[in-house]
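Residue strings, one per chain:
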Amino acid sequence: MKKMKAAVFTDVKQLKVESIDKPVIKSDEVLVKIKSCALCTWEQRVFTGMNRVQFPFIGGHEESGLIVDIGDDIDSNLWSIGDRVVVGLLTSCGHCENCRTGHEGSCTNFSYENKVGGLGIRGMGGLAEYLAVPVTKIFPMADSLSYEEASLTEPLSCVVHSVDTANIELGDNVVVIGAGIMGAFHALLARQRGARVIISEPNLVRRKFMARLGFPELVNPDENEPIMEIKKMTSGKGADVVFDTLPISPVAEQAVKMAAIRGRVILYSSFHPDTPIEISPHTLHRRMTKLMGSANSDSSDFFKAIKLLNNRDIDVDPFIAGAVPIDEIESGMEQALNPETYRIIVRMSE
């Protein structure tokens, strides 16, 4: 059996490059040589022990690469060796009702600890040099797009799903709480929908970064009470749409309170710790507020995201904070843990 490199979480704060068996494809799969894999917050939480997994574990779900082999049942008119692709593998089963109706992000059998990609080890698999991938899980990337840029298709697709869920309309007042990479993506897509975008972010570095991207309306919630500030900026009405991208439960309460009548509130972030909040059901009823959650993405969101990148409608290059080879992944993880860092990319192969 041929071998390849993979970055394996062996314990909390233990991330080692190991030699494992190279996957063998099935007749309906392609073999993808992974070129770039971004270190998401999820992998960072595995490293620090916040996300509990069973070790050994191979993370990585924001990846792009090159097809180097195709199964016997693959239509060569659709996919060929040498095609540059984004992998949207994650762990949807493809068989449950949600998957079969196009809602793979809500797969009832979803688990980050499934064994995927022919690796034989739990995890999402992007931090391995090769993956065996069903053709339903690959998406074509333009030749002009770098592998590093294309690896951010997955997080962008999740935000596409969130923005679609919010049903932003032309001229809406949209508030984005948090200017991490996912908050920034929300701001970019909301602006594309013709909305006015206000960003609430306590970190000065991130506020300056968003200003450089063309977002002048910035609120520092450490200096100004955010609910009152948003009301003041919207003539007392509140926001038509609020995206909460922070993992802090009290902020979710604020998000509901800063929404306008008939406002839509999206709780995008996972919450750590998952502390219950107080919400007035009567207020939701009287103001006809829509309070919704959004997580993950479906295949349709992936197609939208890669089209946005292929057509250069969204520029993700400013969000790439650095890149490291796989042999230096521990250094890359330490860089990624800096709260002011956006995405660190692991170059899996040359």
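First, a word on what this report is: a plain description of the structure on this page. Computed from a prediction, not measured in an experiment: that's the story for all the values here. (Residues numbered from 1 in each chain as written. Predicted model: local features only at pLDDT ≥ 70, side-chain atom pairs only at ≥ 80, totals over all residues. Heavy atoms only, no water.)

1. Thoughts on the overall build of the protein
Move 1: The helix and strand tally for the protein stands at 11 helices and 15 strands.
Move 2: What you see for the protein is a C-alpha radius of gyration of 21 Å, in line with the 20 Å of a compact globule of 350 residues.
Move 3: The dimensions of the protein, computed from C-alpha atoms along their principal axes, are 65 × 40 × 35 Å.
Move 4: Looking at the protein residue by residue over its 350 residues, the buried ones come to 53%.
Move 5: When the accessible area of the protein is evaluated, it comes to approximately 15600 Å², of which 49% is carbon and sulfur surface.
Move 6: Once the 37 positive and 46 negative side-chain charges of the protein are each reduced to a mean point, those two points are 4 Å apart. (Helix = DSSP H or I, 4+ residues; strand = E, 2+ residues; numbered from the N terminus. Rg over C-alpha atoms; globule rule 2.2 N^0.38 Å. Buried < 20%, exposed > 50% of the residue type's maximum accessible area, 1.4 Å probe, protein only. Areas by Shrake-Rupley, 256 points an atom, 1.4 Å probe, with all protein chains shown as cover. Lys, Arg positive; Asp, Glu negative; His and termini not counted. Charge placed at Lys NZ, Arg CZ, Asp CG, Glu CD.)

2. With respect to helix 10 (residues 299-310)
Move 1: Counted at 1.5 Å a residue, the expected span for helix 10 with its 12 residues is 16 Å, and the 16 Å between its end C-alpha atoms agrees.
Move 2: Three or more residues of helix 10 are buried, namely Ser299, Asp301, Phe302, Ala305, Ile306, Leu308 and Leu309.
Move 3: Elements that come into contact with the buried residues of helix 10 comprise strand 5 (84-87), strand 7 (138-140), helix 3 (147-150), helix 4 (153-166) and helix 5 (181-192).
Move 4: Residue Arg312 follows helix 10 closely and has a positive phi angle near 60°. (Expected span 1.5 Å × (residues − 1). Contact = heavy atoms within 4.5 Å.)

3. Quick word on the side chain of Glu62
Move 1: Position of Glu62 among the secondary structure elements: in the loop between helix 1 (41-48) and strand 4 (63-70).
Move 2: A distance of 3.0 Å separates the side chain of Glu62 from the side chain of Arg343, its partner in a polar contact.
Move 3: The residues touching Glu62, leaving out its near neighbours within four places in the chain, are Ser36, Cys37, Ala38, Cys40, Ser151, Leu152, Glu154, Pro155 and Arg343. (Polar contact = N/O pair within 3.5 Å; in protein donor to acceptor, adjacent residues only side chain to side chain.)

4. Remarks on a negative patch on the surface
Move 1: Where like charges cluster on the molecular surface, the negative patch consists of Asp28, Asp69, Asp72 and Asp73.
Move 2: Structurally, Asp69 is set in strand 4. (Patch = residues over 30% accessible without salt bridge, like charges linked within 9 Å, V, L, I, M, F, W, Y side chains within 5 Å. Salt bridge = Lys/Arg side-chain N within 4 Å of Asp/Glu carboxyl O.)

5. Brief notes about the side chain of Asn296
Move 1: Its location among the elements puts Asn296 in the loop between strand 13 (290-293) and helix 10.
Move 2: Overall, the relative accessible area of 17% leaves Asn296 in the buried class.
Move 3: A distance of 3.1 Å separates a polar side-chain atom of Asn296 from the backbone oxygen of Gly105.

6. Section: the environment of Lys257
Move 1: Here Lys257 shows up in helix 8 (residues 249-257).
Move 2: Between the alpha carbons of Lys257 and Lys231 there is a distance of 9.8 Å; along the sequence they are 26 residues apart.
Move 3: With residues up to four places along the chain from it excluded, the contact list for Lys257 reads Ile227 and Lys231.

7. A word on the sheet that holds strand 13
Move 1: Taken in spatial order, the 6 strands of this open sheet run 10-9-8-11-12-13, and their pairing is parallel. The open sheet has two edge strands, strand 10 (218-219) and strand 13, and neither has a second partner.
Move 2: Here strand 11 (residues 239-244) pairs with strand 12 (residues 259-267) via 5 bridges, running parallel. The residue bridging Asp244 from the neighbouring strand is Leu267, located in strand 12.
Move 3: Contacts between helix 8 and the sheet are confined to strand 8 (173-177), strand 11, strand 12 and strand 13, with strand 12 contributing the most and set at about 150° to the helix. (Pairing = 2+ DSSP bridges. Axes fitted to C-alpha atoms, helices over the stretch in contact; angles between N-to-C directions.)

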